[in-house]
Amino acid sequence: AVVSTQSTGEMDMANGYVKMFTNFFGVKTADLPIVYLADTSKQSENLAKTKDITESGVAQLIEDFLAGTAETSAPKKEAEDELPEDWESRSLKYLTSDNFVSYVTTPERAVLVMVHKESCPHCVKMKPIWEDLAEKYKEHPTLKVAELKSSNVAQIKDLTVQKVPTILFYPTQTGSDLSTAVEYEGDRTLKGVEEFIFTQLSKNKDEL
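Within any chain, residue numbers begin from 1 and follow the written order of that chain's sequence. Totals for whole chains, interfaces and linings use every residue, but because this is a predicted model, local features are given only for residues with pLDDT of at least 70 and side-chain atom pairs only at 80 or more, for both listing and counting. Hydrogens are left out, water is left out, and the side-chain values use all remaining heavy atoms of the structure.

**Thoughts on the overall build of the protein**
Move 1: Each helix and strand counted, the protein has five helices and nine strands in total.
Move 2: Mapped from its N terminus to its C terminus, the protein presents α and β elements in the order β-α-β-β-α-β-β-α-β-α-β-β-β-α.
Move 3: Counting contacts in the protein only where the partners sit at least 6 residues apart, residues at least 24 apart contribute 60% of the total.
Move 4: Computed by Shrake-Rupley with a 1.4 Å probe, the accessible areas treat only the displayed protein chains as cover when residues are assessed. Total accessible area on the protein stands at roughly 12500 Å², and carbon and sulfur atoms take up 50% of it. Segments assigned H or I by DSSP are reported as helices when at least four residues long, segments assigned E as strands when at least two residues long, and all are numbered from the N terminus. When checking whether two residues touch, look at their non-hydrogen atoms; a contact exists if any pair is within 4.5 Å.

What follows is the structure, encoded as structure tokens:
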């Protein structure tokens, strides 16, 4: 990824996508221009960078990175997640590694949860839709809409998330089996998610 100033000589830090991108890499305007190389198969110490943005400079970065001799660092970590006192009274239920399993496996409710990351542009775009869904279904007798920051995933046994945002539907059930989740793979639109909700609730009702 190449991060540079715009034609004005300044980076627009008010731009939503720029803010998410620079927050993830920990970039400041004074650092620019800069080139980042990331190994997405690793979760830590997977970033290398250079301020030499010439062809030879970038080529050297790639060569060193592939040889394992480049100086690497980890992406900026999200702040530690804490469970707010009002998490359950909110329309959009706030889940963390502390309450996730017990909440999504409670027999009397079905839970639709979005796993997201604050620095992910697609997650940020999806967030208003998720808030609208939570408000619309807050009085539903069984369905609850929730969110989980991706930083919690590693602490939740048997929860595997390959990408963000990931949308999971947990049907009403007994026990603490997280494998019952159905992942939504459709369009990230209000209409698309609502059709998914209807299908899953109908199927869940038939199986009860």
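The rest of the description comes next.
**Notes on the nonpolar core**
Move 1: Definition used in this section: a nonpolar core is a set of buried Ala, Val, Leu, Ile, Met, Phe, Trp, Tyr and Cys residues joined via side-chain atoms within 4.5 Å. For the exposure calls, accessible area comes from a 1.4 Å probe over protein chains only, and a residue counts as buried if that area is under 20% of its type's maximum, exposed if over 50%, partly exposed in between. Formed by 19 residues in total, the largest nonpolar core has its most connected members in L112, W130, L143, I167, V193 and I197.
Move 2: Among the elements of the structure, β6 (110-116), α4 (121-136), β7 (143-149), β8 (166-170) and α5 (190-207) are those that each provide at least two residues to this core.
Move 3: With five residues, the single largest contributor to this core is α4.
Move 4: Once residues within four sequence positions are removed from consideration, W130 is found in contact with L92, L112, V113, M114, V145, A146, I167 and V193.
Move 5: Counting residues in each nonpolar core, the second largest holds 17 residues, with Y103, V104, V111 and L159 among its members.

**Some points on the pairing of β8**
Move 1: Across the five residues that make up β8, a large majority, five, are buried.
Move 2: Neither face of β8 is open: one carries T166, L168 and Y170, the other I167 and F169, and all of them are buried.
Move 3: Two strands pair if DSSP finds at least two bridges between them. For β6 and β8, the ladder comprises five bridges, and the chain directions are antiparallel. Residue M114 lies in a different strand from β8, and its bridge partner there is I167.
Move 4: Note that β8 and strand β9 (residues 182-183) share two bridges and pair antiparallel. Following the sheet pairing, L168 is matched in β9 by E183.

**Quick notes on the sheet that holds β6**
Move 1: If you walk across this open sheet you meet the five strands as β5-β7-β6-β8-β9, and the pairing is mixed. Each edge of the open sheet is held by one strand with a lone partner, namely β5 (92-95) and β9.
Move 2: Here, axes are lines fitted to C-alpha atoms. For helices the fit covers the stretch in contact, and angles between N-to-C directions go from 0 to 180 degrees. Contacting β5, β6, β7 and β8, α4 crosses the sheet at an angle of about 160° to β6.

**Some remarks on the packing of aromatic side chains**
Move 1: Working definition: rings of Phe, Tyr and Trp (its six-membered ring) pair if their centres are within 6.5 Å, and the pair is stacked with planes under 30 degrees apart, edge-to-face with planes over 60 apart, and tilted otherwise. A full pass over the atoms with the stated rule returns four aromatic pairs.
Move 2: Pairing W87 with Y103 gives two aromatic rings, centres 5.5 Å apart and planes at 80°, and the pair type is edge-to-face. Of this pair, W87 sits in the loop between β4 (72-73) and β5 while Y103 is found in helix α3 (residues 100-104), placing the two residues 16 residues apart along the sequence. The same class applies to W87 as to Y103, namely buried.
Move 3: With 5.8 Å between their ring centres and 80° between their planes, F100 and Y170 make a pair best called edge-to-face. With F100 in helix α3 and Y170 in strand β8, this pair connects stretches of sequence that are 70 residues apart. Each member of the pair, F100 as well as Y170, is classed as buried.

**Concerning the side chain of K149**
Move 1: Topologically, K149 is positioned in strand β7.
Move 2: Look at K149 and you get buried, because its relative accessible area is 18%.
Move 3: Non-local contacts of K149, meaning those with residues more than four positions away in its chain, are made with D81, Y94, L95, H116 and E118.

**Side note on α4**
Move 1: With 16 residues, α4 extends 24 Å between its outermost C-alpha atoms, agreeing within 8% with the 22 Å of an ideal straight helix rising 1.5 Å per residue.
Move 2: The sharpest bend along α4 measures roughly 35° and falls at K127, with the proline P128 sitting one to four residues further on.
Move 3: For α4, every residue scored as buried is listed here: C123, M126, I129, W130, L133 and A134. Any helix carries an expected span of 1.5 Å times its number of residues minus one. Bend angle per residue: angle between axes fitted to the 7 residues ending at that residue and the 7 residues starting there.

**Structural notes on empty space enclosed by the protein**
Move 1: Each cavity reported here is a set of points on a 1 Å grid over the protein atoms alone in which a 1.4 Å probe fits but cannot get out, each pocket an open set with protein on both sides within 12 Å along at least five of seven lines, and each lining residue one with an atom within 4 Å of a point. Grid points are joined across faces, edges and corners, and a volume is the space filled by probe spheres set on the points. One pass over the full model with this rule turns up one cavity of 30 Å³ or more.
Move 2: One number sums up the size of the largest cavity: a volume of about 30 Å³.
Move 3: Considering the residues around the largest cavity, the lining is formed by S91, K93, A134, Y137, K138, K144 and V145.
Move 4: Classification convention: Asp, Glu, Lys, Arg as charged; Ala, Val, Leu, Ile, Met, Phe, Trp, Tyr, Cys, Pro as nonpolar; all other residues, Gly among them, as polar. Its residues assigned to classes, the lining of the largest cavity comprises three nonpolar, one polar and three charged.

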